[in-house]
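Letter by letter, the chains look like this.
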Amino acid sequence: MSKSRKVLGALLAVVMVLSVLSISAFAAGATSYEDDASFTQSWSLGTPVSLGGNQYKVDVILSTNYPVGPVSFKLEGVTTVDEVAIGPGYYAGALYDKANSGLVLMVPDTAATVQALNCNNAVIATVTYTTSNANGAVAIEKSAKTADNPNGSLVASRCTGGTVNVSDFVVGQTTTVSGELIYEVTEDEPTPPATATLTGTNGGFVDEARGYVYGVPAKANPATYFSTTGYIEMVANAAGYTNGTGAKLNLYTDSSKGTLVKSYTLVIFGDLNNDSAVDVNDTLVLSKHVSATATIVDPVVLFASDVAEIGSGVDVNVNDLNALNKHVSAVLMLADNVRA
């Protein structure tokens, strides 16, 4: 006998156990049925997702306060169940009955010792189904299997020993199904989240690709060089300056700062020690880098050092040192937005 047939045989055996549980297990008394409100199972559905045409998929969610053995549920409003994908970490196989539309049976292979499931708001299965309802309405049938309702479709049996074994699981736990469980699926696009855009003004430049903002003169207030439909917050750099290289310009959707849209890094060209000023201290930093006695490793500072050439790449060399020296000595002033 092939391996697949052996597994299918084991699965069918447990399905039969579920089917006769109302006779054989209930007859055994408290070992098969328990009327104990402290053991609870709670079922719910995710929002159905349209797959086009009349086909949808929906997550089936289960929470219990006990280890779970075989599981059964039925979706109302379903023409056919097309596929059942088992939730991560749960049973490796499932059966569904197309003749009994919407019924899903999930059973472990009890030929081997299998740990019972621990379900805490867990997606135990994702069901792909076809429905004749134009809006894709679907529901979980509220029919828990109990001593008084032996043919109930809703089962989350309790394993008394923590492992799945046909002799140690019981049903009859308190069952709840959230809401009315009718979900309407529409083709409307979801409302886009609130956002904001950042635009340079007065020479300010927004480099979206790098996440940098520049074009701000030394010691100036960066916020006045950018405009937004949201809210701008300046955050100081490691040296304590909100207007020095390395400071952050955080863009929020509104003044309450409820949603951060993007965080930009401020670049002041020529400010290589992050104090907002462009002076001889910065030329010393660049001189050491060019002579290879102290390499600039911070990519933001390296970008701020490239003051001589305009290009897409960053190439810091003696030309930048000469340009910075001339700027400091007021021989040649650097453009604030040299790379814009």
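The preceding data block contains the structure.
The sections below set out a description of the structure shown in this document.

Quick look at unusual backbone geometry
- Unlike most non-glycine residues, Lys219 shows phi in positive territory, near 70°.
- Relative to the helices and strands, Lys219 is located in the loop between strand 17 (212–214) and strand 18 (226–228).
- A residue is classified by how much of its surface remains accessible, and Lys219, at 63% relative accessible area, is exposed.
- Positive phi is not limited to glycine here, since Asn274 has a value of about 65°.
- On the secondary structure map, Asn274 appears in the loop between strand 21 (260–266) and helix 2 (280–290).

Overview of the packing of aromatic side chains
- Inspection of the entire model under this criterion finds eight aromatic pairs.
- Ring geometry for Tyr56 against Tyr129: centres 5.9 Å apart, planes inclined by 25°, an arrangement best described as stacked. Of this pair, Tyr56 sits in strand 3 (residues 55–64) while Tyr129 sits in strand 9 (residues 122–130); the two residues are 73 residues apart in sequence, bridging distant segments of the chain. For the pair shown, Tyr56 and Tyr129 are each scored as buried.
- Among the aromatic residues, those joined into a cluster by ring pairs are Phe205, Tyr212, Tyr214, Phe269 and Phe303.
- The ring of Phe39 is capped by Arg158, whose NZ or CZ atom sits 4.0 Å from the centre of that ring.

Observations regarding the nonpolar core
- Counting residues in hydrophobic clusters, the biggest one holds 33 residues, and the most contacted among them are Leu198, Val213, Phe226, Leu249 and Val267.
- For this core, the elements supplying multiple residues, two or more each, are strand 17, strand 19 (231–235), strand 20 (248–252), strand 21, helix 3 (299–305) and helix 4 (318–328).
- For this core, the leading source of residues is helix 3, giving four residues.
- Residue contacts for Val213: discarding those within four places in its chain leaves Leu198, Phe205, Val206, Phe226, Leu249, Tyr264, Thr265, Leu266 and Val267.
- Of all hydrophobic cores here, the second largest spans 30 residues; its members include Leu45, Tyr56, Val104 and Ala122.

Comments concerning empty space enclosed by the protein
- Under the definition given, this model contains one cavity of 30 Å³ or more.
- For the largest cavity, the full set of lining residues is Gln41, Ala144, Lys145, Thr146, Leu154, Val155, Ala156, Val171, Gly172, Gln173 and Thr175.
- A class-by-class count of the residues in the lining of the largest cavity yields five nonpolar, five polar and one charged.

Re helix 4
- All of the buried residues in helix 4 are Asp320, Leu321, Ala323, Leu324 and His327. Buried residues in helix 4, looked at end-on, bunch into an arc of 165°, giving them a common side.
- Tucked into the core, helix 4 has its buried residues touching helix 2 and helix 3.
- Two or three places before Asn319, at the start of helix 4, stands the capping residue Asn317, its side-chain oxygen 2.9 Å from that residue's backbone nitrogen.
- One or two steps after helix 4, the chain reaches Ala330, where phi turns positive at roughly 65°.

Looking at the packing of helix 2 against helix 4
- At a minimum axis distance of 10 Å, the contact between helix 2 and helix 4 shows a crossing angle of 165°. With respect to each other, helix 2 and helix 4 are oriented roughly antiparallel. Between helix 2 and helix 4 lies a crossing of left-handed hand. Where helix 2 abuts helix 4, its residues Val280, Asp282, Thr283, Leu286, Ser287 and Val290 lie against Val318, Asp320, Leu321, Leu324, Asn325 and Val328.
- Per-class residue counts for the contact of helix 2 with helix 4 are seven nonpolar, three polar and two charged.

The rules behind each value
- Residues numbered from 1 in each chain as written.
- Predicted model: local features only at pLDDT ≥ 70, side-chain atom pairs only at ≥ 80, totals over all residues.
- Heavy atoms only, no water.
- Helix = DSSP H or I, 4+ residues; strand = E, 2+ residues; numbered from the N terminus.
- Buried < 20%, exposed > 50% of the residue type's maximum accessible area, 1.4 Å probe, protein only.
- Phe/Tyr/Trp six-rings, centres within 6.5 Å; stacked < 30°, edge-to-face > 60°.
- Lys NZ or Arg CZ within 6 Å of the ring centre and 35° of its normal.
- Core = buried A, V, L, I, M, F, W, Y, C linked by side-chain atoms within 4.5 Å.
- Contact = heavy atoms within 4.5 Å.
- 1 Å grid on protein atoms, 1.4 Å probe; cavity = no way out; pocket = protein on both sides within 12 Å on 5 of 7 lines; lining within 4 Å.
- Points joined across faces, edges and corners; volume = space filled by probe spheres on them.
- Nonpolar A, V, L, I, M, F, W, Y, C, P; charged D, E, K, R; others polar.
- Arc of directions from axis to C-beta.
- Polar contact = N/O pair within 3.5 Å; in protein donor to acceptor, adjacent residues only side chain to side chain.
- Axes fitted to C-alpha atoms, helices over the stretch in contact; angles between N-to-C directions.
- Parallel < 35°, antiparallel > 145°, perpendicular 65-115°, else oblique.
- Left-handed = near helix turned anticlockwise from the far one by under 90°.

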